[in-house]
Amino acid sequence: MNIEHLTGGCFCGGVQFQVEKPLEFISHCHCESCRLSHSAAFVTWTSVPTDQFQFVTGSDLTQRYQSESGAQWGFCRRCGSSMLYEIESAPGRIYISLASLEGSFDLAPESHVSFEEQVPWFHAGDSLPKYKGKSREPINE
Ligand SMILES: [Zn+2]
Ligand SMILES: [Zn+2]
């Protein structure tokens, strides 16, 4: 059986990594931390067990910022692309921003999370479920 890989990396090309499929999930997160760390309206995340993630190059260029929650936000020290997320409450798992990955994904986005923190100037035009925080409590628009 062939192991299928996705490749990914940063804007300047200094950081490149490989992700072995299958992906665990894909979801859009609207929380303030994601928005500010990526300077974006929301961040689309996927994850894999850490043993399915491997740097091809630029592991030394990858800086980690630890936020108050204890999360580690991984970004390229040279160009600033924010790509990775790890947190103690999910040991053995690495989250990767989907926008930093190339290739065909075996999953589609399944939900919006932390939707109560969404910005007022963007409206998701899809019919995916929208949840409060990381719970499964629905939010109606
Ligand atoms: Zn870079
Ligand atoms: Zn978030």
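For clarity, every value in this text was computed on a predicted model and none was experimentally measured. (Residues numbered from 1 in each chain as written. Chains lettered and ligands numbered in written order. Predicted model: local features only at pLDDT ≥ 70, side-chain atom pairs only at ≥ 80, totals over all residues. Heavy atoms only, no water.)

Engineer: Please clarify how the overall build of the protein should be interpreted in this entry.
Structural biologist: Secondary structure summary: the protein contains one helix and 11 strands in total. In terms of overall dimensions, the protein has a C-alpha envelope of 45 × 35 × 25 Å along the principal axes. For the protein, the residues scored as buried account for 43% of the 141 residues in total. Contacts spanning at least 24 positions in sequence make up 53% of the contacts within the protein whose residues lie at least 6 apart. A total accessible area of about 8000 Å² is found for the protein, and carbon and sulfur atoms account for 49% of it. Between the mean site of the 10 positive side-chain charges and the mean site of the 17 negative ones, the protein shows a separation of 3 Å. (Helix = DSSP H or I, 4+ residues; strand = E, 2+ residues; numbered from the N terminus. Buried < 20%, exposed > 50% of the residue type's maximum accessible area, 1.4 Å probe, protein only. Contact = heavy atoms within 4.5 Å. Areas by Shrake-Rupley, 256 points an atom, 1.4 Å probe, with all protein chains shown as cover. Lys, Arg positive; Asp, Glu negative; His and termini not counted. Charge placed at Lys NZ, Arg CZ, Asp CG, Glu CD.)

Engineer: What exactly am I supposed to notice about the coordination of the zinc ion (ligand 2) here?
Structural biologist: Under ideal tetrahedral coordination, the four donors around a metal are separated by 109.5 degrees; under ideal octahedral coordination, the six donors are separated by 90 or 180 degrees. Around the zinc ion (ligand 2), the protein supplies C29 (SG), C31 (SG) and C34 (SG) as donor atoms, at distances of 2.1 to 2.3 Å. Here the donor residues of the zinc ion (ligand 2) are spaced in sequence according to C-x1-C-x2-C. Of the two residues examined, C29 and C34, each falls in the buried class. (Donors = N, O, S within 2.8 Å, 3.2 Å for Na, K, Ca; no water.)

Engineer: Explain the sheet that holds strand β6 (residues 62–66) here, please?
Structural biologist: In space, the seven strands of this open sheet follow the order β6-β7-β8-β9-β4-β3-β11, with mixed pairing throughout. Across the chains shown, the open sheet's two edge strands, defined by having one partner strand only, are β6 and β11 (111–113). Averaged over all adjacent pairs, the angle separating strand axes in this sheet is 30°, with direction ignored. (Pairing = 2+ DSSP bridges. Axes fitted to C-alpha atoms, helices over the stretch in contact; angles between N-to-C directions.)

Engineer: Before we go on, may I ask you to explain the coordination of the zinc ion (ligand 1) in this structure?
Structural biologist: Bound to the zinc ion (ligand 1) on the protein side are C10 (SG), C12 (SG), C76 (SG) and C79 (SG), at distances that span 2.3 to 2.4 Å. For the zinc ion (ligand 1), the four donor atoms are set out with angles of 104 to 113° between them, so the coordination reads as tetrahedral. All donors of the zinc ion (ligand 1) belong to a single chain; written as a sequence motif, their spacing is C-x1-C-x63-C-x2-C. Highlighted residues: C12 in the loop between β1 (5–9) and β2 (16–20) and C79 in the loop between β7 (72–76) and β8 (82–86), separated in sequence by 67 residues. By relative accessible area, C79 is classed as partly exposed at 26%. (Tetrahedral: all angles 85-135°; square planar, octahedral: opposite > 155°, others 65-115°.)

Engineer: Is there a simple way to think about unusual backbone geometry in this case?
Structural biologist: Excluding glycine, residues mostly have negative phi values, and the peptide bonds linking residues are mostly trans. The linkage connecting K21 with the following residue, P22, adopts the cis geometry, with an omega of 5°. Mapped onto the elements, P22 comes out in the loop between β2 and β3 (26–29). Positive phi outside glycine occurs at S39, with the angle close to 50°. Within the element layout of this structure, S39 appears in the loop between α1 (32–38) and β4 (43–49). When its relative accessible area of 70% is taken as the criterion, S39 is described as exposed. One non-glycine residue, S114, lies in positive phi territory at about 50°. Of note, S114 is situated in the segment after β11.

Engineer: In this structure, what is going on with the sheet that holds strand β5 (residues 53–57)? I would like to understand it.
Structural biologist: What holds strands together in a sheet is hydrogen bonding between their backbones, with the strands either parallel or antiparallel. Spatial ordering of the open sheet is given by β5-β2-β1-β10, a layout of four strands whose pairing is antiparallel. With one partner strand each, in any of the chains shown, β5 and β10 (101–102) form the two edges of the open sheet. Where β1 lies against β2, five bridges are found, and the strand directions are antiparallel. Of the residues in β2, the one forming a bridge with H5 is E20.

These results come straight from atomic positions and should not be treated as a statement about function.
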